[in-house]
There are 4 protein chains.
Amino acid sequence: MMNFIIDVDGVMTTGQFLYDSKGKSHKIFGPHDSDGLKLIKDKMNIQFISADKRGFPISKRRIEDMGYPIELVPEASRFDFIKNKWGFQNTIYMGDGIFDAPILKACTFGIAPQNARQEAKKSANFVTYSKSAEGAVCDACMEIKKRFLGDHEKL
Amino acid sequence: MMNFIIDVDGVMTTGQFLYDSKGKSHKIFGPHDSDGLKLIKDKMNIQFISADKRGFPISKRRIEDMGYPIELVPEASRFDFIKNKWGFQNTIYMGDGIFDAPILKACTFGIAPQNARQEAKKSANFVTYSKSAEGAVCDACMEIKKRFLGDHEKL
Amino acid sequence: MMNFIIDVDGVMTTGQFLYDSKGKSHKIFGPHDSDGLKLIKDKMNIQFISADKRGFPISKRRIEDMGYPIELVPEASRFDFIKNKWGFQNTIYMGDGIFDAPILKACTFGIAPQNARQEAKKSANFVTYSKSAEGAVCDACMEIKKRFLGDHEKL
Amino acid sequence: MMNFIIDVDGVMTTGQFLYDSKGKSHKIFGPHDSDGLKLIKDKMNIQFISADKRGFPISKRRIEDMGYPIELVPEASRFDFIKNKWGFQNTIYMGDGIFDAPILKACTFGIAPQNARQEAKKSANFVTYSKSAEGAVCDACMEIKKRFLGDHEKL
């Protein structure tokens with residue numbers, strides 16, 4: 001099975017987060033992505049990663065509520081983490097930030113949300129029609145289904 | 001009287017929801033929809049449904065605050081629920097997701113918000129001018145009033 | 001002095017509000033509006049009104065924090081409230097909803113935010129460049145300053 | 001080293017803030033800005049300022065979490081604060097409001113986010129591609145790196 005590794009912030013969320021006087025309190029997740037992941041989860045290894053230590057309890061809660069694994073990987077070690085643990089050859093990666101650009105290039109297939117940084121979009125093989133937290137991961141799942149799972153039938 | 005069945009998430013809300021470290025905490029509802037529903041509520045059976053089990057206490061609270069009934073219906077059984085309980089022939093349905101597409105086709109009149117998934121918009125008879133939580137349900141009520149309630153007078 | 005009567009929801013806020021399982025919890029206010037109001041507050045009677053009973057403690061808190069008066073006026077009695085308490089002739093009104101349309105027409109000068117309902121925008125004398133909670137009230141203050149306060153100098 | 005002075009609200013945040021019945025509770029920060037600042041922080045004096053007294057504990061918490069200094073400076077004294085403490089000649093300023101316009105003009109280089117007030121954008125040397133809390137400060141850092149840090153290499 002192929003691997004689908006998904007960055008959380010700015011991909012599953014709007015990228016935005018709420019702060020109150022005690023710290024980072026909330027993240028904003030969106031519709032459709034959970035529906036899209038259901039269509040491919042039996043045919044792919046799905047793994048979420050996040051570099052956001054401060055907001056990790058929030059991300060962990062959401063991703064585990066959906067039933068997927070998540071790991072905290074600092075930006076500096078993200079490239080090597082994917083290289084060593086998953087390998088680039090069998091891996092689809094979805095990310096949105098300036099530090100995601102080299103990973104998007106190295107993986108077999110790189111996906112960036114519509115509202116990703118230009119640096120990430122230029123390094124991606126596929127840019128989604130939707131913005132993050134407006135269906136970007138659902139778009140990605142539809143594209144993966146068509147391209148890699150031999151599933152050309154309409155939904 | 002005709003039935004107007006409305007999906008909550010992504011129709012009455014932006015589709016987005018807030019998470020904190022303890023789980024799904026808030027949903028974002030919008031203006032105008034309550035005003036629009038007031039214009040047709042005496043001439044239609046209005047029913048809300050939601051497939052979001054985890055966020056159901058939030059949806060239930062909002063919909064019941066407005067004075068309408070809401071029922072939790074899992075996506076897998078939504079088609080049959082509407083078929084058996086309401087029938088498709090006398091029913092207008094408003095939904096936004098990939099699993100709403102067949103229901104939008106089956107009902108007498110299907111409505112999708114401007115920011116619905118393409119799959120839903122293609123199956124709808126009417127796509128609203130406004131996005132969800134920016135007046136989409138108000139747009140739908142205006143259209144229903146004009147088309148089904150014989151009310152051509154200006155507001 | 002002229003009166004400037006401003007609806008809160010969808011004018012000072014995005015129109016959106018957050019719900020948790022206990023009810024309406026937060027509203028989203030925006031930048032620039034407080035700055036704009038400061039420029040005209042010594043030359044106009046500024047009054048806020050809201051029809052949102054459930055969210056009134058939130059609106060009241062924000063408006064009073066800024067130092068302006070606010071009154072809860074149900075939609076059904078809003079037209080007569082303004083007519084009897086303020087009169088239409090000396091009054092500028094800013095609103096965004098379908099029930100604001102007749103008031104926008106009756107007042108000396110009607111203002112609608114960029115993202116107001118078409119029904120309100122068609123009845124307004126001036127539609128702001130900005131959406132609500134993105135500077136719509138600031139735009140309105142600039143226009144009022146130029147048109148009614150004889151102040152043509154640049155800021 | 002040059003100084004980079006950054007207004008918080010509407011530059012690091014969407015400009016919007018949440019209110020509940022007890023007051024200003026949350027601000028909305030965005031992605032990419034912390035990444036961008038990391039690229040220049042060893043070569044610039046970075047200083048945040050805010051005129052928002054009521055929301056200062058929230059802004060302070062976020063900016064200090066990122067490891068930068070922040071100071072509360074009322075709008076009326078902001079111009080003189082920068083002039084006396086930092087000087088305009090060696091200073092880059094980023095702001096979005098109507099009261100930021102004269103400072104943007106006085107500083108060596110003025111930057112406004114895409115969604116700033118027209119008054120600020122007209123007084124700026126550079127308007128970012130992104131809106132605030134969608135990467136505006138990251139855009140600013142990229143531009144500063146290219147223009148002032150002699151760093152023309154691609155990221």
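The preceding data block contains the structure.
Throughout, residues of each chain are indexed from 1 in the direction in which the sequence is written. Chain A is the first chain written and ligand 1 is the first ligand written, with later ones labelled in order. Thresholds applied to this predicted model are a pLDDT of at least 70 for local features of residues and 80 or more for the giving and counting of side-chain atom pairs; totals over whole chains, interfaces and linings are not thresholded and use all residues. For side-chain calculations, the full set of non-hydrogen atoms in the structure is used, while hydrogens and water are omitted.

Peer 1: Just to check I follow, could you spell out the sheet that holds strand 1 (residues 2-7) of chain D for this structure?
Peer 2: Pairing between the strands of a sheet is mediated by backbone hydrogen bonds and can be parallel or antiparallel. All names here are of chain D. When DSSP finds two or more bridges between a pair of strands, those strands are recorded as paired. Working definition: helices are DSSP H or I runs of at least four residues, strands are E runs of at least two. Numbering for both runs from the N terminus. The six strands are arranged 5-4-1-6-7-8 in an open sheet whose pairing can be described as parallel. Lying at the two open borders of the sheet, with one neighbouring strand each, are strand 5 (70-72) and strand 8 (126-127). Two strands pair when backbone bridges link them, and strand 7 (residues 109-112) and strand 8 are joined in this way by two bridges, in the parallel orientation. Its bridge partner lying in strand 8, A112 is registered against V127. Should any heavy atoms of two residues lie within 4.5 Å, those residues are counted as being in contact. Here the axes come from fitting lines to C-alpha atoms, over the contacting stretch only for helices, and the angles between their N-to-C directions go from 0 to 180 degrees. Here helix 2 (residues 56-66) sits on the sheet and contacts strand 4 (44-50) and strand 5; the angle it forms with strand 5, its principal contact strand, is near 165°.

Peer 1: It is not clear to me how the packing of aromatic side chains should be interpreted in this structure. Could you clarify?
Peer 2: We describe a pair of aromatic rings using the distance from one ring centre to the other and the angle between the two ring planes. Aromatic contacts are taken between Phe, Tyr and Trp rings whose centres are within 6.5 Å, Trp giving its six-membered ring; a plane angle under 30 degrees counts as stacked, one over 60 as edge-to-face, and the others as tilted. Tallied over the full model, the rule gives 28 aromatic pairs over all chains. Aromatic pair C:F29 and D:Y19: ring centres 5.6 Å apart, planes at 70°, arrangement edge-to-face. Pair noted here: C:F29 is in strand 3 (residues 23-29) and D:Y19 is in strand 2 (residues 13-20), and the two residues belong to different chains. Among the residues examined, C:F29 registers a relative accessible area of 1% and is labelled buried. Owing to a relative accessible area of 0%, D:Y19 belongs among the buried residues under this scheme. Remark: exposure states derive from per-residue accessible area (1.4 Å probe, protein chains only) relative to the maximum for the residue type, with buried under 20%, exposed over 50%, and partly exposed in between.

Peer 1: So what exactly am I meant to see when it comes to the packing of helix 1 (residues 33-40) of chain C against helix 6 (residues 136-148) of chain C here?
Peer 2: Working note: a packed helix pair is described by the angle between its axes plus the distance between those axes. All names here are of chain C. Direction vectors running N to C along helix 1 and helix 6 enclose 20°, while the axes themselves pass 7 Å from each other. Between helix 1 and helix 6, the crossing angle belongs to the class labelled roughly parallel. Classified by chirality, the crossing of helix 6 by helix 1 is left-handed. Along its contact with helix 1, which presents D33, G36, L37, L39 and I40, the element helix 6 presents A136, V137, C138, C141, M142, I144 and K145. Here the contact of helix 1 with helix 6 is built from residues that sort into nine nonpolar, one polar and two charged. Oblique is the label for any angle not covered by the other classes, which are roughly parallel (under 35 degrees), roughly antiparallel (over 145) and roughly perpendicular (65 to 115). Crossings are sorted by hand: turned counterclockwise from the far helix by less than a right angle, the near helix makes the crossing left-handed, and turned clockwise it makes it right-handed. Note on residue categories: nonpolar means Ala, Val, Leu, Ile, Met, Phe, Trp, Tyr, Cys or Pro, charged means Asp, Glu, Lys or Arg, and polar means any other residue, Gly included.

Peer 1: Explain the environment of B:I103 to me, please; I cannot follow it from the model alone.
Peer 2: Residue and element names in this part refer to chain B. Following the sequence through the fold, I103 ends up in helix 4 (residues 101-106). Look at I103 and you get buried, because its relative accessible area is 2%. Remark: the alpha-carbon pair of I103 and I92, spanning eleven residues in sequence, is separated by 9.8 Å.

Peer 1: Which parts of the structure should I look at to understand helix 6 (residues 136-148) of chain A?
Peer 2: Owing to its 3.6 residues per turn, the α-helix aligns residues three or four sequence positions apart on the same side. Residues and elements named next belong to chain A. Multiplying one less than the number of residues by 1.5 Å gives the expected span of a helix. Counted at 1.5 Å a residue, the expected span for helix 6 with its 13 residues is 18 Å, and the 18 Å between its end C-alpha atoms agrees. Turning to helix 6, its buried residues are A136, V137, C138, D139, A140, C141, M142, E143, I144 and K145. Looking one or two residues beyond helix 6, the residue adopting positive phi is G150, at roughly 55°.

Peer 1: I'm lost on the relation of the copies chain A and chain B in this one. Help?
Peer 2: Two copies of one chain are present, and they are related through a rotation about an axis combined with an axial shift. Each copy superposes on the other: chain A lies on chain B with an RMSD of 0.0 Å after a rotation of 90° and an axial shift of 0.0 Å. On this basis, the relationship between the two copies can be described by a four-fold rotation axis. Of all interface residues in chain A, a mere 11% are interface residues in chain B too; the two copies therefore contact each other through different surfaces. In this comparison the copies share one frame, found by least squares on the C-alpha atoms of residues holding pLDDT of at least 70 in both.

Peer 1: How should I be thinking about the pairing of strand 4 (residues 44-50) of chain A in this particular structure?
Peer 2: When a strand is regular, its side chains alternate between the sheet's two faces. All names here are of chain A. Most of strand 4 sits out of view: six of its seven residues are buried. The pairing of strand 1 (residues 2-7) with strand 4 spans six bridges and is classified as parallel. When the sheet's bridge partners are listed, F4 is paired in strand 4 with I46. As defined by bridge partners, strand 4 adjoins strand 5 (residues 70-72) across three bridges and the pair is classed as parallel. Residue pairing across strands places S50 opposite L72, the latter belonging to strand 5.

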